[in-house]
Every structure is written in structure tokens, then in C-alpha cells.
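One letter stands for each residue in the lines below.
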Amino acid sequence: MKFPRRKTREVPCGKLVIGGNHPIRVQSLTTTKTSDLDATRSEIRRMLDAGCELIRVAVFDIADAQALGEVKKFVGDVPLISDIHFNFKFALQAIDQGVDKVRLNPGNIAGLSGTFDTVGRERVKRVAEKARDRGIPMRVGVNSGSVEKDLLEKYRWATSDALVESALRHCEFLESVGFRDIIVSIKSTNMESCIEAYEKFGEQTDYPLHLGITEAGLPGYGTIKSAIGIGTLLRQGIGDTIRISLTGDKVLEVEAGFDILKATGRRIREPEIIACPSCGRIAIDLEKVVNEVKDRVKDVSVPMKISVLGCAVNGPGEAAEADVGIAGERGRGMLFRKGKFLRRVPEEEMVNELEKEVRLIAAEKESGS
Ligand code: SF4
């Protein structure tokens, strides 16, 4: 990889460690009112089943804050993050309820003046001291919508420099009160500013960074926008946790997160299936084969490339580049393994044969042979 992972400090978060050389983690945020425990548990169950590694819940009022203990019992050892805006007392309550991390935006916990004034500082200090004493980290979440007034005046709008200065200011303040377990996110609906801000902030500090493109939109366009923004940063070695913000089903967020990590090569925890788009030369029912293979090997957690190609034009050459591949011929396929032609198999046996080879390769990789 051209860019190595950016060097960051390690920050504990429940059973996980964020930053350093630890895996880049996928996070998602529930949509339910947190104090509606049945709905919250049900949504979290689906997120966990999809592999979500950090569960974040919104704390809108004191009922939500007081429900966090029950939510924590439900998630078990999966880190639970409370997402706090405006009211620092909810953060104090969240810590008492046993959350593993607090996300807050010091800019909107500011004092009444709307700047990070002495009242705001005192409030954030109280949260920081409590978090420090309990050994839990905080994410400083800077957002273009809540940059302090003085910075907006200085930079005229929420430029990348304004976002970076805001984040640096909050981190310096937390460090000044003895709090070091800091993770930072810098979000903007303007992707260009967002990427620039992460780049600039990343050059100046060693804080682990949480990546997200805020309000990306519906799955489809939102996924593409997130993949470009987050993918650009990941390819530069920036990013320690990610969340794909999509409108709708949170399972899609989690799946998109792992897909982006896989496509950027930053974290591959399962086989990658490469399939041709198909065209008029197609010789097999490619879509059926690809879907069946995907389903059959979903329990395999060994990275490898599986290639399924529709015909013999480019198929053999491309299939040969994968760990295991098949190129269709009329009613049958040529099976390759690491560039070596193995045998021809009838179309109805393709899925079985591919699965067999995948499991052999997985066993070999696991045993180190
Ligand atoms: Fe078309 Fe064959 Fe290429 Fe698939 S591999 S897109 S079927 S030419």
C-alpha cells in the first residue's frame, strides 16, 4: 500500500483499542429513541448480527441517558457510545450508566454565548474529569454546523481551517485538564472541506480519527459519496473507526462500512468476490453463480480473491489472477487456482467446486502452508 497507516496514539474503548495498529472498526448509530428499550434492542440486535463493532446511541433527554445502563447490559462487551449534544449533564449521566465512550461536540456544549467560553469550558471539564476517572475515552466531534462563532467570523464560513482550529482548540483544552484518551471526528456536508480538514488535522496530531461523511443521503448515492470521501482518506492511511451515514436501514451502513474497508484494502476479513458485469458473450448464469457462491462462503473469514467470469474471452486471464476463479464456457466452466488451470466443471457443479477450493485455500492459509 502506497500510504502506511497514520501513526496514532492508542485509545482504549471497552474491550477494544482504537488507533495504533489495531483494526479499523465499523460503527453505526441507532435510529430509535434510546429510552424505547424494545425498539432500541431490536435495532441493535440487527446491527450486531451484521457485524457492527461499536454501537452508538443518541441521548436526546434524561430518559435516554437513564436508559443507557439497560442498553449496556444488552450489548454486553460490545462498546457502547453515547452521543451527546447540548446538555453536559446527559454526558455525566451516561458515564454513570456505564457507557464505554462519550461522543460530544464541545462547540455545542459551549456556554450561553455560543462560544467556547468559561461556562462551556467548566462543563466540558466536568465531563472530562469524570470520563478520565472512569477510564473511558471521548470523541470530540466537530461539525461544520456547530463551529464556534469566533471561528466563523475569522474564516467567514466553516472552512477546513476553521474545522481544524476548532478541533485543535477542544483537544488542547481536554489535554489541559489531564484528559488524553481523545478520538476526533471532523464532519462537513462539504466533502472537499471535510477531506482537507482530516488531512490537515492528521498531519498535526496523533489522535485516532473517526471518519464519516455527514448526511450522505440514501443508500446508493449516499454509499458512493461515503466511499469516495472515506475511501480517499483511508487510502492515505487516515482513519481508525468509520461510520457510513445512510438514511434508512442501519444494516446497510454496517455492510457498506466493511465493504469500503475491503475495497480500499485497509481491512479484509473475508473473501473478496470479483465478478464481471456480463455482456452479450455471457456463457453461464453468472448472477446466480455469484450469489450462490457469496452465500456458501459467508462463514469463511480468510481473505482471498474469488473470481467468477462469464465467458472465455478475458475470463481465463482474469480468473487466473485470483486465488480461485472460474471462467464460463457454454454450459461449463474452466476452474483456475492461483493461475493454474485445474479442470473443467459442468455449470451445475460450479458453485460446489468453487466452494470446495475456497475451503481448501482457507484451511491452507490458516495452517500457514
Ligand atoms: Fe462479457 Fe466475458 Fe467480459 Fe463477462 S468476462 S463482461 S461475459 S466479455
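Everything here concerns the structure above.
Residues numbered from 1 in each chain as written. Predicted model: local features only at pLDDT ≥ 70, side-chain atom pairs only at ≥ 80, totals over all residues. Heavy atoms only, no water.

Draft legend 1. Representation of the pairing of strand β8 (residues 182-187) within the structure. The buried fraction of β8 is high, at six of six residues. Burial along β8 is two-sided: Ile182, Val184 and Ile186 and Ile183, Ser185 and Lys187, pointing in opposite directions, are all buried. (Buried < 20%, exposed > 50% of the residue type's maximum accessible area, 1.4 Å probe, protein only. Helix = DSSP H or I, 4+ residues; strand = E, 2+ residues; numbered from the N terminus.)

Draft legend 2. Quick look at the sheet that holds strand β6 (residues 101-104). One open sheet accounts for eight strands, arranged β8-β7-β6-β5-β4-β3-β10-β9; its pairing is parallel. Unpaired on one side and paired on the other, β8 and β9 (210-211) mark the two borders of the sheet. Lying over the sheet, helix α9 (residues 250-263) contacts β3 (25-29) and β10 (241-242), oriented at roughly 160 degrees with respect to β3. (Pairing = 2+ DSSP bridges. Contact = heavy atoms within 4.5 Å. Axes fitted to C-alpha atoms, helices over the stretch in contact; angles between N-to-C directions.)

Draft legend 3. Seen up close, the environment of serine 185. Structurally, serine 185 is set in strand β8. Overall, the relative accessible area of 0% leaves serine 185 in the buried class. Considering only alpha carbons, one finds serine 185 and isoleucine 284, 99 residues apart in sequence, at a separation of 47 Å. Excluding its chain neighbours within four sequence positions, the residues that come into contact with serine 185 are Arg139, Val140, Gly141, Val142, Tyr198 and His210.

Draft legend 4. Geometry of the packing of helix α1 (residues 37-49) against helix α2 (residues 62-75). Running from N to C, α1 and α2 point in directions that differ by 30 degrees, and their axes come no closer than 11 Å. When the axes of α1 and α2 are compared, the crossing they make is right-handed. For the pair formed by α1 and α2, the contact residues are Leu37, Thr40, Arg41, Ile44 and Arg45 on the first element and Ala67, Glu70, Val71, Phe74 and Val75 on the second. (Left-handed = near helix turned anticlockwise from the far one by under 90°.)

Draft legend 5. Expanded view of α1. Taking 1.5 Å as the rise per residue, α1 with 13 residues should run 18 Å; its terminal C-alpha atoms sit 18 Å apart, in good agreement. Next to the buried residues of α1 lie β3, β4 (54-59), α2 and α9. (Expected span 1.5 Å × (residues − 1).)

Draft legend 6. How the structure looks around the nonpolar core. Counting residues in hydrophobic clusters, the biggest one holds 75 residues, and the most contacted among them are Ile55, Val184 and Phe201. Here the element with the most residues in this core is helix α6 (residues 160-176); it accounts for eight residues. Excluding anything up to four places from it in sequence, phenylalanine 201 contacts Val164, Ala167, Leu168, Cys171, Val184, Ile186, Tyr207 and Leu209. Counting residues in each nonpolar core, the second largest holds 21 residues, with Val300, Met304, Val308 and Val345 among its members. (Core = buried A, V, L, I, M, F, W, Y, C linked by side-chain atoms within 4.5 Å.)

Draft legend 7. Geometry of the pattern of salt bridges. In total, this model carries 42 salt bridges according to the counting rule given. The closest approach of N and O atoms between arginine 41 and glutamate 70, which form a salt bridge, is 3.8 Å. Of this pair, arginine 41 sits in helix α1 while glutamate 70 sits in helix α2, placing them 29 residues apart in sequence. Take arginine 41: its relative accessible area is 25%, and that puts it in the partly exposed class. Through salt bridges with shared partners, a single network forms among Arg337, Arg343, Glu353, Lys356, Glu357 and Glu364. (Salt bridge = Lys/Arg side-chain N within 4 Å of Asp/Glu carboxyl O.)

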